[in-house]
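Residue-level structure breakdown
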Amino acid sequence: MECTKDRLVAYFSMEIALENSMPTYSGGLGVLAGDTIRAAADLRLPMVAVSLLYRKGYFSQRLAEDGTQTEESVEWRVEDFLHEESPRVTIPLEGRRVELRCWRYAAVGVRGYEVPIYFLDADLPSNAPADRALTGTLYGGDPYYRLCQEVILGVGGVRMLRALGHDGLTRYHMNEGHAALLSLELLEAEAAKAGRTTIRAEDIEKVRCKCVFTTHTPVPAGHDRFPMEYLTRAFPSQTDLFDLKDASAADLVKRVLQAEQAFPDLQQAARAGASLNMTYLALSLSKYVNGVAKQHGETSRQMFPGVPIEAITNGVHAGTWTAPAFREIFDRYIPTWREDNYSLRGALGLPPEEVWTAHLIAKHELLEVVRQKTGIKFDPGKFTIGFARRATGYKRADLILADLDRLRQIAKNSGPFQIVYAGKAHPHDAGGKSIIKHIFQAKKALRKAVPVVFLDDYNMDLGGKITAGVDLWLNTPQFPLEASGTSGMKAALNGVPSLSILDGWWSEGHIEGVTGWSIGEARLATPDLVTDNKADAESLYSKLDSVIIPMFYNERYRYLSVMQHAIAINGSFFNTQRMVQQYITDAYMR
């Protein structure tokens, strides 16, 4: 299907995960974006997506014997995956004109409909070397480098869509605040239509009606803030872009800068040390704002008081994250599951022995990866726990390792088990790197009592193998810092139940003993909430020792029932098909 001018929704994301060999993502945000676009293609939604082209990707992870992480850049051949488009656009940057091109990838839906994804690229001979490098590395460089990347995504993305002929766009969906500068480009265009060079109230209202914003994290580090000096440095000729005599424009600037006083112009704001909050820019210029789970919506409303924030719980793309063995039995018994994910509720009628056989195939494939990567042969008959997330403090990957003697006792009394880990720490996250080293220390201390492996270079392919191949999915975030979490959704599609803190999506997907199990009880996010790691670890150990492992070994039919309910209840609902349908009705058509 050729690109046409009939696209209605533009989806902007700093990272989009589409293929394992295209390292254009770091983790959950990019994977969600890719799954969203695939679901839009399945639903034949007239959408177009925009991201940046990272020639050096995120990074390849290497782990030493003690768990020390080192990073290597990833080079890949763009031409092997993407088609170069002919239009060129320029953006202003420090008084220079930086030229951009784009590369096209088509996400093809189950009915053959295509959603085009355009990757913006500054690596052109016409640009200075520093400008050519701006689309080199995902989340690399210093904060000013990051701001320049966001200028390319937001300003350059809107200009490229116009150059490609996408003139009928009615909604611009910002996937996190990285894309928020697209709103400034839209504001400038509205002012130009009215014959003005400054932005006023009527421009703000028109742009607000076009924009949708999804916030993904309750962690402050996930919300970009840049010194105003960076913006005036990048756009030296646009310091009087807003008509600050206009009450609406002046109020917008105050909110975005989180300033108590008004400034006569942006240059003065920079001199006063003000900072640009990208999340507040997106919040202030979007008609519809949502968090990515019901609990996250509530947490976000506490973070941004007075801002109407709704919630659309994330999902995963069922066709992508279902292992081949499960696809085969779904195709035989639930033939409409790809077009209608909700039909997976019929998984309760699947022959349990075939579900178990499919699971064993997926488990064998994972354990073969374990053997290839580590040389360690895990026992396919042993209960296997999986944990694969970004390695950072609040996800508490090492919570299960809080008491090694207790783990040895559980293995001795309730039945043997083994643990598969994976996950990258951000290159600048010293805490995340230390967690990986702690896991390696525990692995050595546990030795054969509880075998533990940590698989390096976590990516989409490895993530799919782990979520499908373990017997239990473990998730231990610090409440309420899990925005949504989608790894457990992928596990559920493959009949793998979760043992998780009641945060993010699990607050909605959890039915105790039916779809999985909780760590601790439901709780409220209050200002005086104190995280009790010891209590959470004790709850985790108790469930493993007295409920889950004994059920797996002694009452396999009951464990299989939980597996089938995980598919039927969670797999049928927590998918991007349902999620995108909610965006259509709640956000795009509003």
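Scroll up a little and you will see the structure.
These notes cover the structure that comes with them. (Residues numbered from 1 in each chain as written. Predicted model: local features only at pLDDT ≥ 70, side-chain atom pairs only at ≥ 80, totals over all residues. Heavy atoms only, no water.)

As for the sheet that holds strand β19 (residues 498–501)
Spatially, β17-β16-β15-β18-β19-β20 is the arrangement adopted by the 6 strands of the open sheet, whose pairing is parallel. Strands with a single pairing partner mark the edges of an open sheet, and in this sheet they are β17 (452–455) and β20 (516–519). Neighbour to neighbour, the strand axes of the sheet diverge by 20 degrees on average, direction disregarded. Each of β15 (383–388), β16 (417–422), β17 and β18 (472–475) touches helix α16 (residues 460–469); the most contacted strand, β16, lies at about 155 degrees to it. (Pairing = 2+ DSSP bridges. Helix = DSSP H or I, 4+ residues; strand = E, 2+ residues; numbered from the N terminus. Axes fitted to C-alpha atoms, helices over the stretch in contact; angles between N-to-C directions. Contact = heavy atoms within 4.5 Å.)

Quick notes on the nonpolar core
Among the nonpolar cores identified, the biggest contains 79 residues, and Phe-12, Tyr-172, Leu-181, Leu-182, Met-228 and Phe-242 are the most heavily contacted of them. In terms of residue count, the dominant contributor to this core is helix α3 (residues 143–163) (11 residues). Here Phe-12 is in contact with Val-50, Leu-153, Gly-154, Gly-157, Val-158, Leu-161, Tyr-172, His-173, Met-174, Asn-175, Ala-179 and Leu-182, once residues within four sequence places are set aside. With 72 residues, the next largest nonpolar core counts Val-31, Ala-411, Leu-502 and Leu-544 among its residues. (Core = buried A, V, L, I, M, F, W, Y, C linked by side-chain atoms within 4.5 Å. Buried < 20%, exposed > 50% of the residue type's maximum accessible area, 1.4 Å probe, protein only.)

A look at unusual backbone geometry
In this model, Phe-479 is joined to Pro-480 through a cis peptide bond whose omega is 0 degrees. With respect to the element layout, Pro-480 can be found in the loop between β18 and α17 (487–493). You will see that Glu-94, though not glycine, has its phi angle at about 55 degrees, which is positive. Within the secondary structure, Glu-94 is located in the loop between β6 (89–93) and β7 (96–108). For Asp-457, which is not glycine, the phi dihedral falls at a positive 55 degrees. Within the secondary structure layout, Asp-457 lies in the loop between β17 and α16. A relative accessible area of 18% places Asp-457 in the buried class.

Details of the packing of helix α14 (residues 404–413) against helix α19 (residues 533–554)
Two numbers describe how α14 lies on α19: the axes approach to 10 Å, and their chain directions differ by 5 degrees. As judged from the angle between their axes, α14 and α19 are roughly parallel. Two secondary-structure elements touch here, α14 through Arg-406, Leu-407 and Ile-410 and α19 through Glu-538, Tyr-541, Ser-542, Asp-545 and Ile-549. Looking at the contact of α14 with α19, its residues break down into 4 nonpolar, 1 polar and 3 charged. (Parallel < 35°, antiparallel > 145°, perpendicular 65-115°, else oblique. Nonpolar A, V, L, I, M, F, W, Y, C, P; charged D, E, K, R; others polar.)

Let's talk about the packing of aromatic side chains
Pairs of aromatic rings are described using the distance from one ring centre to the other and the angle between the two planes. Considering all chains together, one arrives at 20 aromatic pairs under this definition. Measuring from ring centre to ring centre gives 6.2 Å for Phe-383 and Tyr-559, while their planes differ by 90 degrees; the resulting arrangement is edge-to-face. With Phe-383 in strand β15 and Tyr-559 in helix α20 (residues 556–571), this pair connects stretches of sequence that are 176 residues apart. By the burial criterion, Phe-383 is buried, and Tyr-559 matches it. Between Trp-505 and Phe-574, the ring centres sit 4.8 Å apart and the planes meet at 70 degrees, which makes this aromatic pair edge-to-face. Here Trp-505 is found in the loop between β19 and α18 (506–509), whereas its partner Phe-574 is found in the loop between α20 and α21 (576–588), with 69 residues between them in sequence. Linked through ring pairs, Trp-356, Phe-383, Trp-517, Phe-552, Tyr-553 and Tyr-559 together constitute an aromatic cluster. Of note, Lys-424 hangs over the ring of Phe-59, and the distance from its end group to the ring centre comes to 4.8 Å. (Phe/Tyr/Trp six-rings, centres within 6.5 Å; stacked < 30°, edge-to-face > 60°. Lys NZ or Arg CZ within 6 Å of the ring centre and 35° of its normal.)

Quick look at the pattern of salt bridges
A side chain with one charge can pair with a side chain of the opposite charge if their charged atoms come near. Per the stated rule, a full pass over the model turns up 44 salt bridges. Here Asp-457 and Arg-62 are joined by a salt bridge, their closest N and O atoms 3.9 Å apart. Residue Asp-457 is located in the loop between β17 and α16, and its partner Arg-62 is located in strand β3 (residues 60–63); the two are separated by 395 residues in the primary sequence. For Asp-456, the salt bridge identified is with Lys-373, shortest N-O distance 2.8 Å. Taken together, the residues Asp-456 in the loop between β17 and α16 and Lys-373 in helix α13 (residues 352–374) connect sequence positions 83 residues apart. (Salt bridge = Lys/Arg side-chain N within 4 Å of Asp/Glu carboxyl O.)

Topic: the side chain of Thr-279
Relative to the assigned elements, Thr-279 resides in helix α9 (residues 278–284). By relative accessible area, Thr-279 is classed as buried at 1%. Polar contacts involving the side chain of Thr-279 include one to the side chain of His-223, which spans 2.7 Å. Not counting residues within four places of it along the chain, the set of residues in contact with Thr-279 comprises Phe-213, His-223, Asp-224 and Phe-304. (Polar contact = N/O pair within 3.5 Å; in protein donor to acceptor, adjacent residues only side chain to side chain.)

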